[in-house]
Structures are given as C-alpha cells and as structure tokens.
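# Notes for the structure review
Listed below, chain by chain, are the residues.
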Amino acid sequence: MSMKAPRGVNDILPPDSLKWQYIRKQAEEVFGQFNYDEIILPIFEHTELFQRGIGETTDIVEKEMYTFEDKGGRSITLRPEGTASVMRSYMEHKIYGQTQPTKYFYYGPMFRYERPQAGRFRQFYQIGVEVLGVDNPAIDAEVIIMGLHLLERLGIKDYQLLINSVGCPECRNDYREALREFFSPNLEQMCPDCQRRYERNPMRILDCKNSDCRGYMEGAPSIIDHLCESCKTDFTKVCSYLEMVNIPYTLDPGLVRGLDYYTKTAFEVKYNKLGAQDTIFGGGRYDGLGREIGGRDVPGIGFAMGVERLIMTIDEQIEEWPIDYDTDLFIISIGEKATEASFRYLYELRKAGLKAAMDYLGRSVKGQMKMADRLNARYSIILGDDELAKDTATIKDMQTGDQVEIKLSNLVTEMNNRVK
Ligand code: ATP
Ligand code: MG
C-alpha cells in the first residue's frame with residue numbers, strides 16, 4: 001500500500017506543529033479579549049447545507065466539495081468552510097432566543113478539492129469568527145479590527161486591508177444588469193466558467209482567477225455606484241469606524257468574495273509577498289444566509305483566516321518564532337541503580353511542574369549529554385551509582401558549564417528554585 005497521504009493533505013510534524021499551537025493560543029487570547037467564545041463544529045454536514053448556504057454558483061459548490069454517500073444513503077459533505085455550520089447551529093439550538101449578539105470563533109480543518117499549490121491545499125486549517133444578531137456597522141469594523149489585532153500580535157506587518165460593499169439583493173439586481181451589459185461584448189473570449197456565471201450570477205465573474213478573463217475586468221461598473229441609500233450609509237459608517245482608530249484601508253470595488261450569501265461589507269487582508277495565494281483572511285456580512293438555509297433572517301458577519309497562509313507570512317517576516325523549545329532539565333544516569341532512581345526523580349520533577357527528560361535507549365554518558373543538548377536542556381543532572389549511595393548529584397548549568405554538587409534528596413526543591 002502507498003505510504004503517502006492523499007494529494008494536497010499534509011502532516012504537521014514537530015517542531016512545525018508548535019507554530020500551529022502558538023497561533024491557536026494567540027488567536028484564543030485575542031478573541032477572548034474581544035469576548036468571542038469558541039464553538040466546536042462538526043467536520044461534516046448534510047450536503048444541502050453547503051449547497052444552499054454557500055450557493056450553487058460558487059466555486060466551492062460547483063467543483064470543490066468532498067461529497068459522499070454515507071452507509072445510510074445520505075449525502076454528506078466534509079465542511080469546506082465554517083460559516084454555514086455556525087448559522088445551522090444557531091438555528092438548530094435557537095440561539096437567537098438568547099441575549100444577542102452571539103460572538104463565536106472556531107478553529108479547525110476545512111476540505112476543498114482544489115489544485116494543490118503554494119498556499120492551497122485540499123485539507124487546510126481556518127481560524128474563523130462570526131457575530132450573529134447585530135447589524136450595526138460598528139460590529140463590521142470590530143470584526144476587521146480584531147483580525148488585524150491578531151496579525152499584529154503575531155508580528156505580521158505590511159498587510160493590506162481591502163474593503164467593499166456588495167450591497168443587498170435590491171442593489172444587486174441593478175448591478176447585475178450593468179455587469180451583463182459590460183461583459184457581453186467579450187463574453188465569447190472569456191472562460192466557460194465566466195460564461196456560465198454571466199447567466200447565473202455575473203458578480204462572480206469579478207472573482208475569476210483566469211488571467212485572460214482578468215484582462216476584461218478593466219473598467220467594469222462598480223457596485224459602489226449601484227448601492228441603495230441604506231447600504232451606502234452603512235458602508236460609509238464602517239469606513240468611518242476604521243478611520244476613527246486609524247486603520248488604513250483600500251476600497252476595492254472588484255472585491256466580491258467567493259460565497260453567494262454575502263451582503264454589504266466584504267473585506268480581504270492580503271500580504272503581497274505570498275505569491276498567487278496572497279489572501280491571509282477574508283470575510284464579510286451575510287445577512288441573507290439564515291433564510292437561505294431555511295431559517296429566519298439573522299444579521300451576521302465574520303471572517304476566516306487560513307492558518308497555513310498565516311504561517312507562511314510569519315515565516316517570511318520574522319527571524320525567529322517566539323516559541324519555547326527548551327527543556328528545564330535532563331537527567332544523565334550512570335549505572336543500573338542510578339538509572340532506576342532517575343526514573344523515580346523524573347516522576348517527582350515532572351509532578352512539581354518541571355519539563356524534564358531522561359534517556360531510555362541505554363545511551364553512553366556522552367550520548368546522554370548530546371540528548372540534553374538536542375532538547376535544549378537548561379540543566380543536566382548527573383547521577384551515578386556512587387553519588388546515589390552518598391545521596392548526592394551534580395547539577396550542570398548547560399549554558400555556563402558550571403557544576404555544583406547537591407544533596408540528591410533536595411533535588412526537586414533545588415531544581416524548582418533554579419528554574420522558577
Ligand atoms: P481563494 O480566493 O484563495 O480561493 P477563498 O475566497 O476561496 O480564497 P475563503 O473561502 O474566504 O477563501 O477562505 C478564507 C481563507 O482561507 C482564505 O483567505 C485563505 O487564507 C484560506 N484558504 C481558502 N482556501 C484554501 C486552501 N485551499 N488552502 C489553504 N488555505 C485556504
Ligand atoms: Mg477558493
């Protein structure tokens with residue numbers, strides 16, 4: 001059998017996995033500070049949820065879903081994103097009946113059948129946030145600000161915030177017609193996807209990644225010119241909240257985002273040195289989603305961040321991750337009795353909260369020293385049968401090379417004092 005994971009699916013091995021832990025922890029802290037609580041969502045849902053929630057004319061539903069029939073004959077899909085599940089859960093548990101707003105974050109793998117390349121995988125991780133039950137433009141700004149807060153916390157700079165409003169169904173009717181008129185002379189030359197989008201959902205053409213098609217976008221009508229009064233007012237407010245806290249942004253009338261359920265505010269944060277896949281996170285308002293999946297109207301806004309792209313950005317921008325790879329101490333034992341005693345002391349040291357290790361492979365003293373180095377041990381404790389008999393041990397400071405002899409029975413207290 002093949003010893004290879006499926007294409008586009010990665011193992012995250014140590015020490016890289018420590019970067020993942022680090023990002024998750026920072027996200028939890030930042031989101032916690034903004035009063036967002038974690039929601040842990042299922043990995044798969046009824047296919048219909050995504051078909052209706054994401055929209056039949058989106059890339060995700062048209063070609064990227066991992067859909068299969070389960071043993072009971074139901075159509076199941078591995079989640080390609082989190083928002084539809086959040087809305088389903090909100091309806092299922094009648095969370096709308098509780099005090100609003102509802103502020104969630106989630107973290108976990110998503111699945112999309114895409115062509116694997118730098119920054120694009122078939123299983124990838126997202127950190128997402130959603131706020132349901134409030135349509136005040138201040139919350140749109142808060143959500144964006146919180147995402148940027150996390151980037152700053154992770155040491156990321158030089159990103160670019162792009163924002164747009166995609167309006168509401170009313171403004172969009174008008175706009176769709178304007179787009180059709182604009183694209184119709186070149187439609188024959190555009191890709192088959194765009195030709196289909198032209199009929200079903202012309203706004204999606206603006207999101208086409210095909211470089212030939214991109215050439216025809218120049219001069220396309222701007223949604224901003226077609227916004228209704230209420231969408232225009234809300235958009236101006238979102239922008240002014242961002243200005244209030246000095247957050248630079250760029251208006252991008254071509255930004256429509258990949259999902260059908262978006263209304264009003266849409267935004268993306270990019271880092272241009274990431275190459276073709278340069279969006280770190282994107283999101284927007286989705287006031288139409290609740291009804292779309294068969295529930296009630298509920299205002300919602302959120303974003304999803306690609307963890308792999310975050311990591312690529314941090315790798316590109318910072319010298320050294322602020323991750324502690326160190327071990328407090330390593331016990332080097334010489335002789336059978338000393339090795340047994342080391343096992344007992346290791347237990348005590350760990351119970352006292354120290355990060356401690358010893359060798360289990362019968363290595364020579366030299367080999368054990370090397371292990372201590374490899375684990376970045378701050379101290380090594382050298383214990384031989386002779387020392388054991390005299391109730392002594394030697395502590396070696398691995399940075400200075402200084403050695404002192406201590407009473408073995410005081411080892412835990414002694415090490416605790418040194419480390420803490
Ligand atoms: P793209 O235009 O790159 O396909 P998208 O519009 O499909 O992005 P969203 O559905 O908004 O992306 O997902 C939010 C974020 O999740 C993206 O900005 C990106 O960081 C990440 N992401 C999306 N698809 C993938 C993937 N296949 N592999 C890795 N990260 C991804
Ligand atoms: Mg995509």
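Residues numbered from 1 in each chain as written. Chains lettered and ligands numbered in written order. Predicted model: local features only at pLDDT ≥ 70, side-chain atom pairs only at ≥ 80, totals over all residues. Heavy atoms only, no water.

## Some points on the overall build of the chain
Along its length, the chain carries 15 helices and 16 strands. Computed over the C-alpha atoms, the radius of gyration of the chain is 28 Å, more than 25% above the 22 Å expected from 2.2 N^0.38 for a compact globule of 420 residues. Its C-alpha atoms put the chain at 90 × 55 × 45 Å along the principal axes. For the chain, buried positions account for 51% of its 420 residues. Once local pairs closer than 6 in sequence are excluded, the contacts in the chain between residues at least 24 apart make up 69%. For the chain, the computed accessible surface area is about 21000 Å², with 48% contributed by carbon and sulfur atoms. Of the side chains in the chain, 53 bear a positive and 65 a negative charge, and the two mean positions are spaced by 3 Å. (Helix = DSSP H or I, 4+ residues; strand = E, 2+ residues; numbered from the N terminus. Rg over C-alpha atoms; globule rule 2.2 N^0.38 Å. Buried < 20%, exposed > 50% of the residue type's maximum accessible area, 1.4 Å probe, protein only. Contact = heavy atoms within 4.5 Å. Areas by Shrake-Rupley, 256 points an atom, 1.4 Å probe, with all protein chains shown as cover. Lys, Arg positive; Asp, Glu negative; His and termini not counted. Charge placed at Lys NZ, Arg CZ, Asp CG, Glu CD.)

## Some thoughts on the state of the cysteines
Within this structure, the stated rule accounts for zero disulfides. Free of any disulfide, Cys 191 has its nearest neighbouring cysteine sulfur in Cys 213, separated by 3.7 Å. Judged by relative accessible area, Cys 191 falls into the buried class, the value being 11%. Unpaired in terms of disulfides, Cys 239 finds its nearest cysteine sulfur in Cys 231, a separation of 13 Å. In this structure Cys 239 comes out as buried when scored by relative accessible area, which is 7%. (Disulfide = S-S within 2.5 Å.)

## Topic: unusual backbone geometry
For residues that are not glycine, phi is negative in most cases, and the peptide bond is trans in most cases. Between Pro 14 and the following residue, Pro 15, the backbone shows a cis peptide bond with an omega angle of 5 degrees. In this structure, Asn 246 is a non-glycine residue whose phi angle is positive, near 55 degrees. Tracing the sequence through the fold places Asn 246 in the loop between helix H9 (229–244) and strand E8 (250–251). If you check the backbone angles, Asn 376 has positive phi at about 55 degrees while not being a glycine. By the secondary structure assignment, Asn 376 is in the loop between helix H13 (365–374) and strand E14 (377–384).

## Quick look at the site of ligand 1
Contacts to ligand 1 come from 15 residues, most closely from Arg 112, Glu 114, Arg 120, Phe 121 and Arg 257. Here an oxygen atom of ligand 1 and a backbone polar atom of Ile 280 are 3.1 Å apart. At a separation of 3.2 Å, an oxygen atom of ligand 1 approaches a polar backbone atom of Gly 306. The fraction of the free accessible surface of ligand 1 (580 Å²) that becomes covered by protein chains is 92%. Ranked by the residues each element gives to the shell around ligand 1, the list is headed by strand E10 (residues 279–285), at three residues. A class-by-class count of the residues in the shell around ligand 1 yields five nonpolar, four polar and six charged. (Near = heavy atom within 4 Å. Polar contact = N/O pair within 3.5 Å; in protein donor to acceptor, adjacent residues only side chain to side chain. Nonpolar A, V, L, I, M, F, W, Y, C, P; charged D, E, K, R; others polar.)

## Some details on the sheet that holds strand E16 (residues 403–407)
Whether parallel or antiparallel, the strands of a sheet pair through hydrogen bonds between backbone atoms. Sheet architecture is open: five strands sit in the order E13-E12-E14-E15-E16, paired in mixed fashion. With partners counted over all chains shown, the strands left at the sheet margins are strand E13 (356–358) and E16, one partner each. Geometrically, the sheet is characterised by an average inter-axis angle of 25 degrees between neighbouring strands, direction not taken into account. Together, strand E12 (327–334), E14 and strand E15 (392–397) form the strand contacts of H13, whose direction differs from that of E12 by roughly 175 degrees. (Pairing = 2+ DSSP bridges. Axes fitted to C-alpha atoms, helices over the stretch in contact; angles between N-to-C directions.)

## A closer look at the packing of helix H5 (residues 137–153) against H9
Running from N to C, H5 and H9 cross one another at 45 degrees; their axes reach a closest spacing of 8 Å. Taken together, H5 and H9 sit at an angle that is classed as oblique. Relative to H9, the crossing made by H5 is right-handed. Residues Pro 137, Ala 138, Asp 140, Ala 141, Ile 144 and Ile 145 of H5 pack against Asp 234, Lys 237, Val 238, Tyr 241 and Leu 242 of H9. The residue makeup of the contact of H5 with H9, split by class, is eight nonpolar, no polar and three charged. (Parallel < 35°, antiparallel > 145°, perpendicular 65-115°, else oblique. Left-handed = near helix turned anticlockwise from the far one by under 90°.)

## Re the pairing of strand E7 (residues 160–165)
Counting buried positions over the six residues of E7 gives five, a clear majority of the element. In this sheet, strand E9 (residues 263–270) lies alongside E7 in antiparallel orientation, the contact comprising six bridges. Within E9, the position partnered with Asn 164 by the bridge is Ala 266. Pairing of E7 with E8, which is carried by two bridges, proceeds in the parallel orientation. Each bridged residue has a counterpart across the sheet, and for Leu 162 the counterpart in E8 is Thr 250.

Just geometry here; none of it tells us what the structure is for.
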